[in-house]
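A closer look at the structure
These are the residues of each chain, in order.
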Amino acid sequence: MNPFKRSPFVIAAAVFVYTFLYAPILILILYSFNASRTNVTFDGFIPAFSERVEMDGSLVKASPCGPFHWYCDLAKNDDVIEAAGNTLTIAFTATLIATIIGTMAALALQRYDFKIKPFSQLSLYIPIVIPEIVMGIGILTLFSQAFGWLNNAFNLTGDARLALGIGTVTVSHIAFMVPFVTLVVQARLQGFDKSFEEAAMDLGANEWTTFRRVTFPMILPGVLSGALLAFTLSLDDFVITFFTNGPGSTTLPIYVYGLLRRIITPQVNALSTVWILIVFIAVLLLQWLQSREAKPAH
Amino acid sequence: MLQRLRESKSMQGTFLALPTTLWLFVLLIIPLFLTLIVSFGQRSPDGGVIFSFSLDNYIRLLGYSTDCPGGQASCFDPLYVNILWRSLTLAFNTTAVVILLAYPLAYFIARAHPKRRNLFLFMVLIPLWTNFVIRVYAWMMLLRKEGAINIVIGWVAGLFGIEFTPLEMLYTPGAVLVGMVYEFLPFMILPIYTSLEKIDNSLYEAAADLGANAVKTLLRVTLPLSMPGVVAGTILVFIPVMGTFIVSDILGGRQVILVGNLIQRQFLDARDPTFGSAASLILMVMTLIVTYFYTRKFGFGEEIVAA
């Protein structure tokens, strides 16, 4: 019996589900080249050189960017640039901190016995079993109560007043990212051969040298895939950001959501397409890291 | 101090775990307690919170109303109970549809040639990591009256010479269901794949040798052994569907209000954080109860981390 034989039903179902997964994305990309500004129907690609008159009499000027008109438009949109900057700043800062403290916690939970260990381990599962909106409004309540109290107690006024912004978003992102980093690194540590470390110690290396030269290089692929996972979670987050952002800390998902409730031009599609491209590259990188991790260390 | 840290293994462990534990305590556990406290409070005229101990918010959620059409002192107003019930049934329906779609695909990938498995998995990850909001937007474009689905149906109808008026699909409960299924499908595919992939090929061979046909093998071998994946996937789908408000907001318009929308509006438009907190705790309790009974029967597998 051929172990890879599958029934036609399974293959048909797989084709159907892949179509279901990809059709919306492909339509989204197609409309990013739409000549129609209202983006309701697809009016063909934007001409590169000639001008043409639309059905309603309005004139479509040829764009110097040709079919990529909306992408050029996007690059000139200050709101998008600012939102992209915020998104990346938050993601980088939060990933750095979450990776460091998450890896430390993974080492502690895997290698040491201490009093608060059961509590530490259990708290990692909170973001998995509790709906994100519950965490979001909880964190919002915490910040608004704490800031209200602090602003009053220290008579903070004007710019010194504590308020929601990039800082609160970053701090909140770290909270839901850390458990993922810790769980990924913990999984890596579980399959860890301790004899390498014992050999290093036998050869006279102290604990710090052993960690730096043996342990860390061996868990590094796990740490990196944990970091990349955390980074993508931060880029992608909507709900927690929605409740913790303030003026000037709009991220891309929040910006797109705002647009969806108002007027939509193909610019949103162009933005989405760029995003999908970046995600494509990031996932490719993650896969590559994991395939390296799967191979035995030299 | 430093000397003691160097000698005590237990202190080193505490020191290493402390930043994470503290962070999660301050930003996840304290907020949950705060939400509980606020839910017993009352709304102040400016939309703030007056701390007190009152069960009014919960009583209101469960249908007690003092604003009655007949002028009685109190009556039953099913508005919020309906919203909770609608969220619960939508989460069950979404999970059921997602399992039906995810299982064959996960099986297809798990039984594919090992060399091609990574490519097929990669193809599941791309939609998964495409931003949540963008994916809802994609369905908005598809489901619109002038959208691609109506164009395709219209074109097919045209081939057969049938008169076709574009369907109103956007802003219906069906649109919200499709959107939810699309959003969370990958979260079911991955854990089911993980548990299917673990099944040793010799088990299929043994089943075939013993004369089991395809249906019997599926029912007696494949399904029971892949249950941990289905359970993990259900948790990863059911919980977020219960709390999501974007899908119903964008694809349901004002027609489909879920408990997520209810909570969101209390914190933004209606400005009654006490009522929003009570609704959010009810939501949490509902998901925890369902998760508890579900995992007690089937266990809480490692597949959840694999996704």
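Residues numbered from 1 in each chain as written. Chains lettered and ligands numbered in written order. Predicted model: local features only at pLDDT ≥ 70, side-chain atom pairs only at ≥ 80, totals over all residues.

**Some points on the overall build of chain B**
Looking only at helices and strands, one finds 14 helices and four strands in chain B. Scaling as 2.2 N^0.38, a compact globule of 307 residues should have a C-alpha radius of gyration of about 19 Å, whereas chain B reaches 25 Å, well beyond that. For chain B, the spread of C-alpha atoms along the three principal axes comes to 85 × 70 × 35 Å. By the burial criterion, 43% of the 307 residues in chain B qualify as buried. (Helix = DSSP H or I, 4+ residues; strand = E, 2+ residues; numbered from the N terminus. Rg over C-alpha atoms; globule rule 2.2 N^0.38 Å. Buried ≥ 20, exposed ≤ 12 C-beta atoms within 10 Å, placed from the backbone.)

**Looking at the overall build of chain A**
Assigned secondary structure in chain A consists of twelve helices and two strands. Reading chain A from its N end, one meets helices and strands in the order α-β-β-α-α-α-α-α-α-α-α-α-α-α. Per-residue burial over chain A gives 37% buried out of 298 residues. Taking as baseline every contact in chain A between residues at least 6 positions apart, the subset at least 24 positions apart corresponds to 71%. (Contact = placed C-beta atoms within 7 Å.)

**Some points on the interface of chain A and chain B**
Each side of the interface is counted separately: chain A has 75 residues, and chain B has 77 residues. Per-element accounting of the side of chain A that touches chain B gives the leading share, twelve residues, to helix α1 (residues 8-31) of chain A. Class assignment of the residues belonging to the side of chain A that touches chain B gives a composition of 56 nonpolar, 13 polar and six charged. (Nonpolar A, V, L, I, M, F, W, Y, C, P; charged D, E, K, R; others polar.)

**Concerning the confidence of the model for chain B**
Mean pLDDT over chain B works out to 86, with 96% of the residues at or above the 70 mark. Both confidence scores are given for the complex: pTM 0.87, ipTM 0.86. (pLDDT = per-residue confidence, 0-100.)

**Some points on helix α9 (residues 207-236) of chain A**
If you look at α9 of chain A, its biggest bend is around 50 degrees, right at F216 of chain A, and the proline P217 of chain A turns up within four residues after that. Within α9 of chain A the residues assigned to the buried category are I219, G222, S225, G226, A227, A230, F231, T232, L233, S234, L235 and D236 of chain A. (Bend = angle between axes of the 7 residues up to and from the residue.)

**Brief notes about the packing of helix α6 (residues 132-143) of chain B against helix α8 (residues 173-197) of chain B**
Residue and element names in this part refer to chain B. Two elements in contact, α6 and α8, have axes separated by 10 Å at closest approach and are oriented at 140 degrees. Looking at the two axes, α6 sits oblique to α8. At the point where α6 passes α8, the crossing takes the right-handed sense. Within the contact between the two elements, α6 uses F132, R135, V136, W139 and L143 and α8 uses A175, V178, G179, Y182 and E183. Considered class by class, the residues forming the contact of α6 with α8 number seven nonpolar, one polar and two charged. (Axes fitted to C-alpha atoms, helices over the stretch in contact; angles between N-to-C directions. Parallel < 35°, antiparallel > 145°, perpendicular 65-115°, else oblique. Left-handed = near helix turned anticlockwise from the far one by under 90°.)

**Section: unusual backbone geometry**
Excluding glycine, a negative phi dihedral is what most residues carry, and trans is how most peptide bonds are arranged. One non-glycine residue, N155 of chain A, adopts positive backbone phi at about 55 degrees. Within the secondary structure, N155 of chain A sits in the loop between α6 (132-153) and α7 (166-190). Its identity as a non-glycine residue notwithstanding, Y171 of chain B has a phi of 65 degrees, on the positive side. Among the structural elements, Y171 of chain B can be located in the loop between α7 (148-159) and α8.

**Looking at the environment of W288 of chain A**
Among the structural elements, W288 of chain A can be located in helix α12 (residues 266-294). Considering only alpha carbons, one finds W288 of chain A and S225 of chain A, 63 residues apart in sequence, at a separation of 9.7 Å.

**Concerning the environment of R111 of chain B**
Among the secondary structure elements, R111 of chain B is positioned in the loop between α4 (79-110) and α5 (114-129). The sequence separation of R111 of chain B and S277 of chain B amounts to 166 residues, and the corresponding C-alpha distance is 46 Å.

**Some thoughts on the nonpolar core**
Counting residues in hydrophobic clusters, the biggest one holds 145 residues, and the most contacted among them are M177 of chain A together with A102, A106, V136, L185, I189 and L251 of chain B. Broken down by element, the residue count for this core peaks at 14 residues, all from α8 of chain B. Those residues in contact with V136 of chain B, other than ones at most four positions away along the chain, are G179, I246, V247, I250 and L251 of chain B. (Core = buried A, V, L, I, M, F, W, Y, C linked by C-beta atoms within 7 Å.)

**Side note on the environment of T295 of chain B**
Tracing the backbone through its elements, the reader meets T295 of chain B in helix α13 (residues 273-298). Along the chain, T295 of chain B and A17 of chain B lie 278 residues apart, while their C-alpha atoms are 28 Å from each other.

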